[in-house]
Each structure stands twice: as structure tokens, then as C-alpha cells.
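Chain residues, written in single-letter form:
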Amino acid sequence: MTLHVHELGWSVDARRIIDDIRLSVETGAFVGLLGPNGSGKSTLLRCIYRSLKPDAGTISLDGADLLAMPPRDAARRMAVVLQESPVQFDFTVQEMVLMGRTPHKSAFDPDTNDDWAIVADALAQVNMLDFRERSYGTLSGGEKQRVLIARALAQQSQFLVLDEPTNHLDIRYQLEILDIVSELRVSTLAALHDLNLATIYCDRLYVLSEGRVVASGAPDDVVTADLIHEVYGVRADVATDPATGRTHIMYFPASAWASA
Amino acid sequence: MGNSEAVARSGRQSPVTIAPSKRKAPPERNAARSRRLIAVLAPLILLSITLAVVIGPVEIAPLTVWEIVFGKVTGAEGNWSNAQANIVWLIRFPRVLLAGVVGAGLAVIGVVMQAVTRNPLADPFLLGISSGAALGAVSVLLIGVFAGLGIFALSVGAFLGAMLAFVLVFSLALQQGRLLPTRMILAGVAASFMFSSVTSFITLSDDSSGAARRVLFWMLGGLSGARWEDLTLPALALVLGIIYLMGQSRALNALIIGDETATTLGIDVHKLRRRLLVVTSLLTGLIIAVSGTIGFVGLMMPHIVRLIVGTDHRRVLPVSLLAGALYLIWVDVIARTLFAPEEIPVGIITSFCGAPFFLWLMRRSKGAL
């Protein structure tokens, strides 16, 4: 499934938060969205998963106008993993994942054996099957994030949107989550924080700054010392590890730079 | 569209390797508990209705109660006195059933309000919805608004009052599209006081001597003097309301997690919220028109039920309905027997039990307030 965003814009109080965004995700590609805090990453994703109504531009999913689609149709095509937020009312892990079946259900449809099998498989894929009777509220941040990914899997859509899925997680869980997602091979658009991880996992990157796309392309072409300085205002050295051929980014704190 | 069809279709396109039916459906503890609970509550309610009709100053045997009911429905003759028949059929039975309908309705309203506001402390009484409905009812009673609507005037007035209060409290609690739980409770309390003061003002400006007494009934909540015709509208609204809400139960599950989550699961959040607002206002108005403001039932029942069956609304809704009915039937029995022959308004007892429960809940739900 392919996603095309064309000249997308969204404003609040006559202030342009994102402007003239052009972005594409090809079938099966893992595309990363980078940019400092406040650059408009979350706003762009909110427009794509239809929590915000853009005031300019178009979004198409496999050629169909995403913004004009009935909500249920959109949810069958696109699953979203939001940043984990506290829930006052507690569900069990499997009830949480079962919610992913919602867009496939009419008013009085019961849960079928197929639904439960899909839920169990989704939990198995994120290694959370043993937790299915546990209360969601008692899980750690990494476990919660994996449950939310399982819910997106249970939705069985062909397009996945992730809003900083590794935020607040230990490095081990960050790698684990991104491993799980990249192995799915469904078309994925993910806002990411960590440049190193983005270059490892993504097929293509878009960099946002002040609401505009300032760079896009293959990770090695996009992540350069110049770009990091320009967008994040940080000095960095971008090198290639001779052993793995992978890009590595080393940051220099302002203090270290001054004394050098 | 059938579900298996959806699975088959997406399964064919999907590069995700999901092969349904390989894994067994897991044991569902919450579902099993909820089935057992319904199996216990339903006969318990029948038993309670019988006992609640039996209990009273004039003694009537449990079996006679059902003989009279059977006789009244089918027209059959039986071995009972006319006085017994009148007490059972005209006084006690409608009152007990009304207690059941009002308790069930308030519990269901509580469930929906807590889901819509994502606030565990939401309750029609605490958020001022009940006071709004009472003001509507009193305006009809004393000022004579909607007089053209005849016997429905009171219900229409209460419904509009409830809706006005709901919209007011909701918009006061909104800040940049987000509902602030603390602000919602404070707005509810303020609205509640405001509506009550207007109600008092209307009452005091009225010269007729009975006015104050009748209004006090709405302020305190009571089921005395219940007639069969009082049952019709609230019972009808409850049946239609619960059918609609059960149909929306998956959507309610998503909504209670968050607006964005619900949106990504294919729910038109704004449309759903508008409809739920109308449904809950209607249910609140129709109930309050016959019972007055009975507090805390909508707060207590859903929480006790959730502790046992979890948060899935497909279970919380029916179990809360039964629990609310059972609770108010017995509270009303206490209300009329504790200081017999004097009666205490039901609302006083529900508040006496509910307020400590609210405080306990407030301490328990960290972050909500």
C-alpha cells in the first residue's frame, strides 16, 4: 500500500504549523520522519491519521482520497500506534488488542474464533502472549508499547503509522520494537527521535524543520554533519563503521566544541 | 460486511503472516465472570421484587403477590381480598418496578458518562446534569412552560434541562479540545449550585402552598406515589437506550481510551459523542421527571461492576443495569421501612452511601483529580 502526501498544510490561529509537505511511502517501505521537537512531526502524523483536518493539500492511500474516506474504511487500511498515555480505566492485555478488530465489526457482531486467533497471533508476534490476561495498566512502558503494536497488527491493515514508538524506552526495547516493526514489511511511516536508529532501520527518511520538509532520501544521503547542524543546531561527526558499513553519528556537546 | 470475509480479504493481501484459527480462543476470565454474574443477578432481581412488594405495613404472602400479578394480567380470579390486590397492584408493584428502572437507568447513564468524559468520577448528579433536569421539571411544574405538551411536558422539560447542563459543563471543561477532569468536576459542582439556586428562586416566588413541598421532592429524590403510567416513558427509554448503547459498546471501549485511539480505530468521535450526549440527556431527563435527583447510583454501580468484570462495555453495560436495579430496589425498601410509617427520600440514602464511596474513589484514582 502506498501513501502520497501532497502540498499538505495545517495552521492554528493563522500560524502555519506545517506547510507544503510532500511525502511518499512506497509499498513495504519503512519511512522515517525526523526533526527536532516542535518541527511538526506529530502534527503531520495527526493529519495523516485524521485526528486533525488539514487546511491545504491532499493525502492519498493507494490512489484513494484518505481525507474523504469514511472513518471505518480508513481504519481498515491504516493502523496507528500512538504514544502511550495513561489510562484511567483498565483493560486486560488481550482486551486491548481485541480493540484492533473494531473497524472490522458492525454494531452487534460477536468476537469470533478468528478474531481470537488474530489477537493471539498478534500478541505472539510481539512476544506478549504470556501477558494476555494481565492488566494493561500494570505493564512497563516497553510492554505497553508492544501491546499497542499488537493492537495495530490485529487491525490487519496494510499501512502502519507510528508516533515515536520508542520514546521513553531503554535502548534494548527501542531495538526490539524497531526490529518487530521492520520485520513486518508492511508500509510504515514512523516519527523517530534517534538519528542512529533511523539510519539503521529506515529505507527512506524525511527531515522536518519548522513545519517544512528540508531533506529527504536514503538515510546515508540525508543524515550528514551539515544537516544535523542546520536542523538541530548541534555539531556532529557522521562516519561509516568499516566493519558493518553502517552510518554512525557522534555528537559533540557545545562545551566540548568550545574547548576543542 | 461479515467478519470472516474481512479476514480472508486482508489475509490474502497481507505480507504479515497471520494464519487465523491455528491458536485456540483463550479462556476469558472476565467474560466467564460476567456470565455467572448475570445468571445470579437476574433471578436475584425477581426475588428482590417479590420481597420488596411483600415488605410493608400490610402483610401479604410472597405467593399471593404473584397470584395477584398473574390475575391482573390475565384477568383470572383468585383467593385474595380487594384491598390486598390494590396494595400490590396499584401501590407497591409500580413503586418497586420504578425503583428498578430508575436504578438501572442511572447506572447505565453513569457508565456512558464515565466513558464519554474519560473521568472515573463522572455521575449525572455530580456533574450537575440531574440539577439541570430538576430545574427543567420544576419550570414546567410551577411556571407552566411547555404546557401545550400535556402529560409529556414534565419529561420534555427535564430532558432539555439535562441537555443544557451537559452541554454547559462539557464546554466549560474543554480547553483546546481536551477535557480537563478537575475542571469538569468543578464546573459540574458550580452548575449544580446554579441550577439549584434558580430552582429555589422559582419555588419561593411561587405563592401556592404546595409548591415548596413538590419541589423538595425533586431536590431530594423519591419514589413515593409511583403510578403505572410513571413507568412507561423511563422504561421505554431504558430499553431503547440499552439496545443502542450495546450496539456502540466497542466504540465506547475505544472512546474510554482516548479520542485519538478511537479515531484510528475507525470511529467518528464527534458524531458518536453528540449522539451519546443526546441519549444520556434523554435518559436522565425521563428518569428524573419521575424520580427527582437521586445521586451517586451512576457513580457507584459502574465502579463496583468494573472491579469484577473489567472495562469492556459489552459486559459493563448489562451487568451495571442489573446491579443498579437491584441496588435501588433495596435502597427504596430501606427508605420506606427504616422509620416507618415516616418515609425518607431515597436520594438521602444514596448520597449517604455514595459520598464516602466518592471520596474513596478519589483517593484511589490518582491523576484523575
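Our subject is the structure that appears above.
What this report covers is the structure whose coordinates are included nearby. (Residues numbered from 1 in each chain as written. Chains lettered and ligands numbered in written order. Predicted model: local features only at pLDDT ≥ 70, side-chain atom pairs only at ≥ 80, totals over all residues. Heavy atoms only, no water.)

To continue, consider the sheet that holds strand β9 (residues 204–209) of chain A. The strands making up a sheet associate through backbone hydrogen bonding, with each pair oriented either parallel or antiparallel. All names here are of chain A. Ordered by their spatial adjacency, six strands build an open sheet running β6-β7-β8-β3-β9-β10, and the pairing between neighbours is mixed. Each edge of the sheet is formed by a strand with only one pairing partner; in this case those strands are β6 (78–81) and β10 (212–217). Taken over all neighbouring pairs, the strand axes of this sheet differ in orientation by 15° on average, direction set aside. As paired elements, β9 and β10 share five bridges and run antiparallel to each other. Paired with Y206 across the bridge in β10 is S216. Strand contacts of helix α1 (residues 41–48): β3 (30–34), β6, β7 (159–163), β8 (187–191) and β9, with the helix running at about 150° to β7, the strand carrying the most contacts. (Pairing = 2+ DSSP bridges. Helix = DSSP H or I, 4+ residues; strand = E, 2+ residues; numbered from the N terminus. Axes fitted to C-alpha atoms, helices over the stretch in contact; angles between N-to-C directions. Contact = heavy atoms within 4.5 Å.)

Once that is clear, we can look at the layout of surface pockets. All names here are of chain B. If you add up the space inside the second largest pocket, you get close to 830 Å³. What lines the second largest pocket is a set of 34 residues, among which F217, W218, G222, S224 and V290 lie closest to the centre. Only α4 (82–117), α5 (129–143), α6 (153–173), α8 (211–220), α9 (228–247) and α12 (269–291) provide two or more residues apiece to the lining of the second largest pocket. Residues belonging to the lining of the second largest pocket are distributed by class as follows: 20 nonpolar, seven polar and seven charged. (1 Å grid on protein atoms, 1.4 Å probe; cavity = no way out; pocket = protein on both sides within 12 Å on 5 of 7 lines; lining within 4 Å. Points joined across faces, edges and corners; volume = space filled by probe spheres on them. Nonpolar A, V, L, I, M, F, W, Y, C, P; charged D, E, K, R; others polar.)

Next up on the list: helix α13 (residues 297–309) of chain B. Residue and element names in this part refer to chain B. Taking 1.5 Å as the rise per residue, α13 with 13 residues should run 18 Å; its terminal C-alpha atoms sit 18 Å apart, in good agreement. A large share of α13 lies buried, amounting to 10 of its 13 residues. Taken residue by residue, α13 has V297, G298, L299, M300, M301, P302, H303, V305, R306 and V309 as its buried positions. On the buried face of α13, the contacting elements are α2 (29–54), α4, α14 (313–337) and α15 (346–364). Residue G310 follows α13 closely and has a positive phi angle near 85°. (Expected span 1.5 Å × (residues − 1). Buried < 20%, exposed > 50% of the residue type's maximum accessible area, 1.4 Å probe, protein only.)

Worth remembering: the numbers are spatial, not functional.
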